[in-house]
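Inside the fold
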Amino acid sequence: MSVITPVLMAGGSGTRLWPVSRKSFPKQFAALTGDETLFQASARRLSGAGYAPPVVMTNSDFRFIVAEQLEQAGITPGRIVIEPAGRNTAPAILAAALMVAETDPQGLVLVAPSDHVIPDAAGFAATVAMGAQAAAQGRIVTFGITPDRPETGYGYLELATTGEGPQPLARFVEKPDASRAAQMLAAGNFLWNAGIFLFRAQVMIDAFRTHAPAYLDPVGQSLDQAQTDLGFLRLAKAPWLLAEDKSIDYAVMEKADNLTVVRFSGRWSDLGGWDAVWREALDQTPSDQGVVTDANSTAIDCHDVLLRSDSDEMQVVGIGLRDLMVVATSDAVLVADRARAQDVRQAVLALKAKRAKQAESFPRDHRPWGWFETLALADRFQVKRIVVKPGAALSLQSHVHRSEHWIVVSGTARVTVDDAVTLVTENQSIYVPLGAVHRMENPGKVPMVLIEVQTGSYLGEDDIIRYEDVYSRSSAD
C-alpha cells in the first residue's frame, strides 16, 4: 500500500464557538478539549508510519500560526499552501490532488478538516487503512460516523445496507429536522457525514474532469503560477478567483458513481458549537449533574451547564443554573441556552452590525514575530504589552501620526532608531520620535517582553510605512 498524503483544511472562522473562536484566530488553533490545539491534534493523528508529511491548505492570515503550531508539535509539513481567497473545499481539494499527482498520480490523498476531535487515534487509523484498500481500487472513499443521537446539525450518508466494511453510498442527505433525524437513527443505515475523503490523486482529478471540468483550468493555472514565499506556497490569485465557490460535496461527490463509505464507530465531534464542547468534556470527565467547568469557573447547584473562562483575570460563577452555556474571555461573555448553541453565529452578526471589534478580533493579536495586546486605549494614547520570540524581529518602519516609548521588562531588545542601534535590557527604556525609522529585535534565547506607550493623533495599526520585513509583509499584519 502506498504512503498516504494527509491534506489538512485549516481555513474558516468557526463563528459558532464565539467568543473563543473568531475570524482573527479561529477554533482549529485553540486548545478547546485538551492541551493541544485542534489543529495540532489533527496533524499528529495523521502523521507517522504510513503517512507523508502533511499538506496544509490555509490562508495568508494563518500561515505563520500554522507553521508555529506544527513546529511546536514536532511535525514537519510537506507544504503549507496559501489560498488567495476562500473558495470552499472544491478548488482546495483539486489543488491538493494536482500537487500530489505531480510526483505520484496514483498516490493516496486523505483530506480532513483540522478542527475535529477523534480521541481514538488508533481506531481511526485502522478505519483509514480499511478505506485505503478501496481507494487503491479507484474508489473515492468518504468516512461516516456511527450516530449516537438524532443530531440535526450534521449532514448524513445513507448506506444501501447496514453491514460492516466498505459499502457503496446510496445518497447524501442534508441536515434533517428532529423527526427525520430520529427516523434515520432508528433505521441504522445512516451515518453522519464527517467530511473526510480518501482517494488516489488521479482519480479525483478525473472526477473533476467528468463532473466539474470548469475547475481544472483556473485551479491548474493558479498552481502553475504559484510562488514560493518564505517556505509557503502562495497560489496565484487571478486564476483562483475564477474558480466557483462550492463545496466538494456539491461539485463532485453527489454526482460521482464510484463512492464508497467506511464506517467509524469511535468518538467523533466537529465541535460545531458549545453544546458539542460540553458533550465532549462530559465524555472525558463524566458528571452526574452534567456540569462542565474549567479552572477559572465554579458551579454551585447547577445542572447541565457549561461554564468556561479563558482568562485568568475573569472568574465565572454560576448558581442554580440549568441548561446554560456561559463562556468568557477577557473582552466578551456569552450566555446562552444550550438548545440555542447553533445560533451563536447570530451574535457575531449582531456585533459586526454594531461594529464591535469583539465580533472578529481578540485583544491579543498574533504576528509572525510574537504577539501584542492593548492594555489601555484613550483618545491620544495607547499602552501595549509586546512579546517578541527569540531571534525574531519586527519590520523596519516609521509612523506618520504617533511616537513610541518602549520599556523592556524581560529579556533584551536590539533597537534601531534611524542610524543608532542600541541594546535595551530589563528596566531600561528608549524613545522613538514621530517619523523616526525604527526596528525592534530580540537577539536573545528567551522571549522578550516590553511595554509600549504610544502617543499621537492617530493610533491605528495601519499607520505604518514598512521599509524592510523578514516576513515579506506589505501591510500592517
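Residues numbered from 1 in each chain as written. Predicted model: local features only at pLDDT ≥ 70, side-chain atom pairs only at ≥ 80, totals over all residues. Heavy atoms only, no water.

The cut-off we apply is this: UniProt positions are given in the numbering used here, feature names are shortened, and annotations may be inferred rather than shown by experiment.
Within an unreviewed UniProt entry, the label attached to the chain reads mannose-1-phosphate guanylyltransferase, and the organism entered is Paracoccus nototheniae. Quoted verbatim from the Catalytic activity (unreviewed entry) heading of the UniProt record, the comment on the chain is "alpha-D-mannose 1-phosphate + GTP + H(+) = GDP-alpha-D-mannose + diphosphate". As recorded by UniProt, the Sequence similarities (unreviewed entry) comment attached to the chain reads in full: "Belongs to the mannose-6-phosphate isomerase type 2 family."

**Some remarks on unusual backbone geometry**
Put simply, the rule reads: Each helix corresponds to a stretch of at least 4 residues labelled H or I by DSSP, and each strand to a stretch of at least 2 residues labelled E; elements are numbered beginning at the N terminus. Buried means the residue's accessible area, taken with a 1.4 Å probe over protein chains only, is under 20% of the maximum for its type, while exposed means over 50%, and partly exposed covers the values in between.
P19 follows W18 through a cis peptide bond whose omega is 10 degrees. Structurally, P19 is set in the loop between strand 1 (4-9) and helix 1 (38-45). One non-glycine residue, L271, lies in the positive phi region at around 45 degrees. Here L271 is to be found in the loop between strand 11 (259-264) and helix 10 (274-284). Residue classification places L271 among the buried positions, given a relative accessible area of 0%. Of note, D323 is a non-glycine position whose phi angle comes to about 55 degrees, a positive value. With a relative accessible area of 31%, D323 lands in the partly exposed category.

**Describing the pattern of salt bridges**
Convention followed: Salt bridge, as applied in this entry: a Lys or Arg side-chain nitrogen positioned within 4 Å of an Asp or Glu carboxyl oxygen.
One pass over the full model with this rule turns up 28 salt bridges. Between E244 and K246 there is a salt bridge, with the nearest N and O atoms lying 3.6 Å from each other. For E244, a relative accessible area of 45% translates into the label partly exposed. According to the relative accessible area criterion, K246 is partly exposed, its value standing at 24%. Note that K384 and E461 form a salt bridge whose closest N and O atoms lie 2.4 Å from each other. Of this pair, K384 sits in strand 20 (residues 381-388) while E461 sits in the loop between strand 27 (448-456) and strand 28 (465-468), and the two are 77 residues apart along the sequence. In this structure E461 comes out as partly exposed when scored by relative accessible area, which is 29%. Through salt bridges with shared partners, a single network forms among D148, R149, E151, D275 and R279.

**A few points about the UniProt feature "domain: Mannose-6-phosphate isomerase type II C-terminal" (unreviewed entry) in the chain**
Feature annotation in UniProt assigns "domain: Mannose-6-phosphate isomerase type II C-terminal" (unreviewed entry) to the following positions: residues 359-469. Taken as a whole, residues 359-469 contains 0% helix and 57% strand, while its terminal C-alpha atoms sit 29 Å from one another.

**Topic: the packing of helix 1 against helix 2 (residues 63-73)**
For the record, the criterion: Under this scheme, a helix contributes an axis fitted over its contacting stretch, all axes are lines through C-alpha atoms, and angles between N-to-C directions fall in the 0 to 180 degree range. For this classification, under 35 degrees means roughly parallel, over 145 means roughly antiparallel, 65 to 115 means roughly perpendicular, and everything else is oblique. Two helices cross in a left-handed way if the nearer one is turned anticlockwise from the farther one by less than a right angle. They cross in a right-handed way if the turn is clockwise. When checking whether two residues touch, look at their non-hydrogen atoms; a contact exists if any pair is within 4.5 Å.
At their nearest, the axes of helix 1 and helix 2 sit 10 Å apart, and the two run at 55 degrees to each other. Between helix 1 and helix 2, the angle falls in the class oblique. By crossing handedness, the relation of helix 1 to helix 2 is classed as right-handed. Together, F39, Q40, A43 and R44 of helix 1 and V66, Q69, L70, Q72 and A73 of helix 2 make up the contact between the two elements.

**Some words on the sheet that holds strand 25 (residues 429-432)**
Applied cut-off: Here, a strand pair is defined by DSSP locating no fewer than two bridges between the strands.
Reading across the sheet, the six strands line up as 18-19-20-27-22-25 and stay open at both edges, with antiparallel pairing between neighbours. The sheet is open, and its two borders are formed by strand 18 (364-367) and strand 25, each paired with just one other strand. Across this sheet, the average inter-strand angle for adjacent strands is 20 degrees, counted without regard to direction. In this structure, strand 19 (residues 370-377) lies alongside strand 20, joined through seven bridges in antiparallel fashion. In the sheet register, G370 faces strand 20, and the bridge partner there is V388.

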